[in-house]
Amino acid sequence: MNLFNLLHLDHPGLINVKEAVERKQPEEALRLLKDYYMKREEPKISFNDSEKESLIKYALVHFQEDIDRLIEVAEQVVNQTFIFQEAWDMERTNVPVAFKGKIDWNHIPFEDPEWTFMLNRHRFFIPLGQAYLLTGDERYAHTFCKQLSDWIDSNPHKLSTHTWRTIEVGLRASNWIKAFHYFKNSIHFTPKLFGKMIGSLYEHGQCLADDFTNWKAISNWGVIESKGLFELAIYVSEFLEASKWQQLSLERLKKTARLQVMKDGIHWEQSPMYHNEVLLCYLGAVHLGKDNKIEIDKLIIEAARKMAYADLYMAKPNHHQPMKGDSDDFDLRDIITTAAIVFKDPCLKLGGFSSIDFDNMWSFGVNGINLYNHLPVKKLKNISCGFEDSGNFFMRSGWDENDLYLYFHCGQLGGGHGHADLLHMDVHAFGKDFLMDLGRYNYSDSYPLRKELKRAHSHNTTLVDGIDFTECIDTWNFGRIAVPLATKWVSEEAFDYVEGSHNGYFHLEDPVYVSRKIIFVKPYYWMLIDVFECKGEHSFSQNFHFAPGEIELNEDTKSCSTQNMDEANLYLIPIYSNQITAAINEGKISYEYNLVEQNKSVQYELKSIGTIAMMQLIYPCRAGDQSMPTVTTVEVHDLLGDVVSENDAQACKICLPHINEEHLIIVCHQKPSLHRMSYVVEGTQIFGEIVLIKRKNGRKEVIVVK
């Protein structure tokens, strides 16, 4: 491959390069080409050289902890020791892998090829480059140049499946381009190496341009690769193919935005992890477009904006994403900060950092620092939000870190990254995670835990006869898949209400219709109502998986509670406990890829004939709060004064001593359709499927929830 034949040598900035080529002076031509790339002011890919000293000074004042961490990473890379722990690394590692001699870029440790893929994305070049810029230590630049050169020499295009997978090609191209801006002034970054890098980047561009399918159009791969191609096309705009690559990448990004982002702004693969990998790519494309006066289709821009707002609601009060599907326990503030800067949006700053973070400082430069740090914060009027197209619902009492939060899911599976998690919920309150998704752990079928964490029993949902409503075959494949059915969402000042159901047990000889209803009585507690409609005898169960820590089960009341000292706690209180059994089980939770620790869960089980409901009060307590609610069942009467069967309607009374208030919640298991179905509870006549009655100091308020 002759590099100079690939370039538009009539470009005004390359005239002297062309002359050197015509004089048959390739080394001089390479020197001039590198010099041109070092000094050009356009296109804008990263911070400008004029900003470098200001950014270094700002970092030294505000980000010493980040600097200490990246220097530690840089030293590891110098020693050819790799631990993948960067922000939004898709498959993190915790065990160092070291190479004493030449790096084997196809090495597969731990029977997990994802490690190899992570190695070949070269994300570690970014902290290595930042460490070089901040310290001037030429060991870091020498290491970059040595490893870059070795990778190119060791991995010819199309001869390695592990190093030239197209998703790695897109990510690696982007990381090389960013690394160039950190290392370009080093004596070790010779014109020869620059020419080798540019030549390899051409192969990266051709690889991405030639490999796009309908499967990729609906996959996060297509977004990641297309954004990489777009960035590459801008960076090497002097290539003859660059304009074609730019057009292709923008067309593909538009197609993926149309296909992958649901109307409510959530990515269809139903994994916050990949929702945010995709969002990072769209935000990056919009940012590059603005900086280089390239028109970005409004479909891409609006997809990014909607996805960022989905993150705002999705984020728990501790700012972390739920570990739904194949997701890790990652902080969302950096991504929301990026979105707030791109869109100059004070509402998004509500979910971001109070001032710009380390990574965004490098991405947006001095103007980004000034913009974000002076951007006001604007709170959204709607605190809770239902994303009905994707089946994701978020209940919260406010925007502060001590507020209450519940996440409920009743949406489609989402492909291979989806889990059997219909009707799952997370609960976070008073600064603590309580009920959680157990994560993903790993993508290798060599580890049985991978499959177990995808199954229904590893989620805070219900089972019938211990049967999975969705069959998980292995890491990526499923057998029978349950389909979400009707959902309903209501959010008002006094309460939030959500319900969902699925057909996962319609295949049984005696079919069972499963539904879940959740009422958030703001800002105190949730009432959970699981209904199983059938004719025959079955075993019904509810699973609740807790964050690590001790839990205790009361054998008399069957209530279960966390046992946190000097911290908030959560109580699960069954409403009709006389027929159920309860047991605490040991389990495992994976907060990030390749990391696992112990946790506990409680399972409630009820054997019954015909339709039945299982109800739980989910009650969080502040640290030091000893004023527990009392819960009693209450009879429901019809208009003639007769007691109504529990199969038709149930009611409970919840006394809240700390506010001197009592609540009655009435649940009708059949939609009221006759006069006599206007029931009476403790002297109050009601009409509705779910009714909340509040009583305090002789006053009464009747609220029809549904």
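From a predicted model like this one, the values you see are computed outputs, not experimental measurements.

What counts as what
- Residues numbered from 1 in each chain as written.
- Predicted model: local features only at pLDDT ≥ 70, side-chain atom pairs only at ≥ 80, totals over all residues.
- Heavy atoms only, no water.
- Helix = DSSP H or I, 4+ residues; strand = E, 2+ residues; numbered from the N terminus.
- Expected span 1.5 Å × (residues − 1).
- Buried < 20%, exposed > 50% of the residue type's maximum accessible area, 1.4 Å probe, protein only.
- Pairing = 2+ DSSP bridges.
- Axes fitted to C-alpha atoms, helices over the stretch in contact; angles between N-to-C directions.
- Salt bridge = Lys/Arg side-chain N within 4 Å of Asp/Glu carboxyl O.
- 1 Å grid on protein atoms, 1.4 Å probe; cavity = no way out; pocket = protein on both sides within 12 Å on 5 of 7 lines; lining within 4 Å.
- Points joined across faces, edges and corners; volume = space filled by probe spheres on them.
- Nonpolar A, V, L, I, M, F, W, Y, C, P; charged D, E, K, R; others polar.

Trainee: What is the right way to read helix H8 (residues 166–183) from this model?
Mentor: Side chains three or four residues apart in an α-helix point the same way, a direct result of the helix having 3.6 residues per turn. Taking 1.5 Å as the rise per residue, H8 with 18 residues should run 26 Å; its terminal C-alpha atoms sit 25 Å apart, in good agreement. Of all 18 residues in H8, 16 are buried; the element is thus mostly enclosed.

Trainee: Explain the sheet that holds strand E16 (residues 569–574) to me, please; I cannot follow it from the model alone.
Mentor: Picture the strands of a sheet paired through backbone hydrogen bonds; they go either parallel or antiparallel. One open sheet accounts for eight strands, arranged E9-E10-E11-E12-E19-E16-E15-E14; its pairing is antiparallel. With one partner strand each, in any of the chains shown, strand E9 (488–491) and strand E14 (551–553) form the two edges of the open sheet. Taken over all neighbouring pairs, the strand axes of this sheet differ in orientation by 15° on average, direction set aside. Looking at chain direction, E16 and strand E19 (residues 612–621) are connected through six bridges and run antiparallel. Across the sheet, residue Pro574 finds its bridge partner in E19, namely Gln616.

Trainee: Sorry if this is basic, but what is going on with the pattern of salt bridges here?
Mentor: Pairing is possible between side chains of opposite charge, provided their charged atoms come close. Applying the stated criterion across every chain yields a total of 42 salt bridges. We note a salt bridge from Arg121 to Glu168, for which the minimum N-O separation is 2.8 Å. Placement of Arg121 in the loop between helix H5 (113–119) and helix H6 (125–135) and of Glu168 in helix H8 is noted, with a sequence separation of 47 residues between them. Of the two residues examined, Arg121 and Glu168, each falls in the buried class. Residue Lys316 pairs with Asp433 through a salt bridge whose shortest N-O separation is 3.1 Å. Of the two residues, Lys316 sits in the loop between helix H14 (298–314) and helix H15 (333–343) while Asp433 sits in strand E7 (residues 432–435), which places them 117 residues apart along the sequence. Assigned by exposure class, Lys316 and Asp433 land together as buried. A single network of salt bridges, built from pairs that share partners, joins Glu91, Arg121, Arg165 and Glu168.

Trainee: Help me understand the layout of surface pockets in this model?
Mentor: Empty space among the atoms becomes apparent when a probe as large as a water molecule is rolled across them. Taken as a whole, the largest pocket encloses approximately 740 Å³ of empty space. Considering the residues around the largest pocket, the lining is formed by 30 residues, among which Asp66, Ala87, Asp331, Asp334 and Phe353 are closest to the centre. When contributions to the lining of the largest pocket are tallied by element, the ones reaching two or more residues are helix H3 (52–62), helix H4 (64–78), H6, helix H17 (358–373) and strand E17 (581–592). Here the lining of the largest pocket is composed, by residue class, of 13 nonpolar, six polar and eleven charged. By volume, the second largest pocket amounts to about 370 Å³. Along the walls of the second largest pocket sit 20 residues, with Trp215, Trp221, Glu269, His417 and Trp476 positioned nearest its centre. Split by residue class, the lining of the second largest pocket holds nine nonpolar, six polar and five charged.

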